[in-house]
Structures are given as C-alpha cells and as structure tokens.
Amino acid sequence: MGVAFGDMGGDGKLDIFVANDTMPNFLFRNHGNGTFEEVSLPAGVAYDSDGAALSSMGVDFTSPTSSVMSTRACWLT
C-alpha cells in the first residue's frame, strides 16, 4: 500500500495514486478547482488483466505519458 502525488496529465496539477493490496487501486485526477475525479478504471490501473487488485507501486510522472508500475505496467495517456 502506498500513495504517490504527481502531475499525471502534464497540466501542472498534482494528481493522486493510491496503491492497495486487496482492493482496487485509486487514481484521482485533479480538476484544479479543489475537486478530484476517481479515474482508475478508465486509466486501466485499478485491476490487473486477471481482474485482481494490483499490489505495490512505483510512479513515474516525468514524461507527458506517465506510467504507473505495479505487478504489471500500465501506461496512462
């Protein structure tokens, strides 16, 4: 389990990624007005390809196409 903050979309706003062990991960996209939208399912980072919750993480927010690494790599666009 862990939490990472970073600019997922390159828009200058800090987004939040929460990695969980036995439940789906969460990815909160910052709208810049004090609200966040949970987008882990459309981003493909909530579950692995077998439908299981992903565990552990590493986040790279250094490129326009950021990646969230877990038991499998998932690319966010």
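Before reading on, note that the structure itself is shown above.
So, here is what we can say about the structure in this document. This structure is a prediction, so every number in the text was calculated from the model and none was measured. The numbers attached to residues start from 1 for each chain and follow its sequence in the written order. Confidence filtering applies because this is a predicted model: local features only for residues at pLDDT of at least 70, side-chain atom pairs given and counted only at 80 or more, and all residues used for totals across whole chains, interfaces and linings. Where side-chain values are given, they derive from all heavy atoms of the structure, hydrogens and water being excluded.

Observations concerning the packing of aromatic side chains
By convention here, two paired aromatic rings are described through the distance between centres and the angle between planes. Going by this rule: Put simply, two rings from Phe, Tyr or Trp (the six-membered ring, in Trp's case) pair if the centres are within 6.5 Å, and we call them stacked under 30 degrees between planes, edge-to-face over 60, tilted for the rest. Only protein chains enter the accessibility calculation, which uses a 1.4 Å probe. A residue is then buried if its area is under 20% of the maximum for its type, exposed if over 50%, and partly exposed in between.
If you walk through the whole model with that rule in mind, you get one aromatic pair. Centroid distance F26 to F28: 5.9 Å. Interplanar angle 25°. Geometry classified as stacked. By relative accessible area, which is 28% here, F26 ends up partly exposed.

Thoughts on the pattern of salt bridges
Rule in force here: Salt bridges are identified by distance alone: a Lys or Arg side-chain nitrogen within 4 Å of an Asp or Glu carboxyl oxygen.
For the structure on display, the rule yields one salt bridge. Across the salt bridge formed by K13 and D11, the nearest N and O atoms sit 3.6 Å from each other. On the basis of relative accessible area, D11 is assigned to the partly exposed category, the value being 37%.

Description of the side chain of S40
Note the cut-off: Numbering of helices and strands runs from the N terminus; a helix is a DSSP stretch of H or I covering at least four residues, while a strand is a stretch of E covering at least two. Any pair of N or O atoms that falls within 3.5 Å is considered a polar contact. Within protein, one atom must be able to donate a hydrogen and the other to accept it, and sequence-neighbouring residues count only if both atoms are side-chain atoms. Two residues qualify as a contact provided that any one of their heavy atoms is within 4.5 Å of a heavy atom in the partner residue.
Of note, S40 is situated in helix α1 (residues 40-43). At 2.7 Å, the side chain of S40 and the side chain of E38 are in polar contact. In this structure, S40 is in contact with N25, F26, L27, V45 and A46, ignoring residues within four places of it in sequence.

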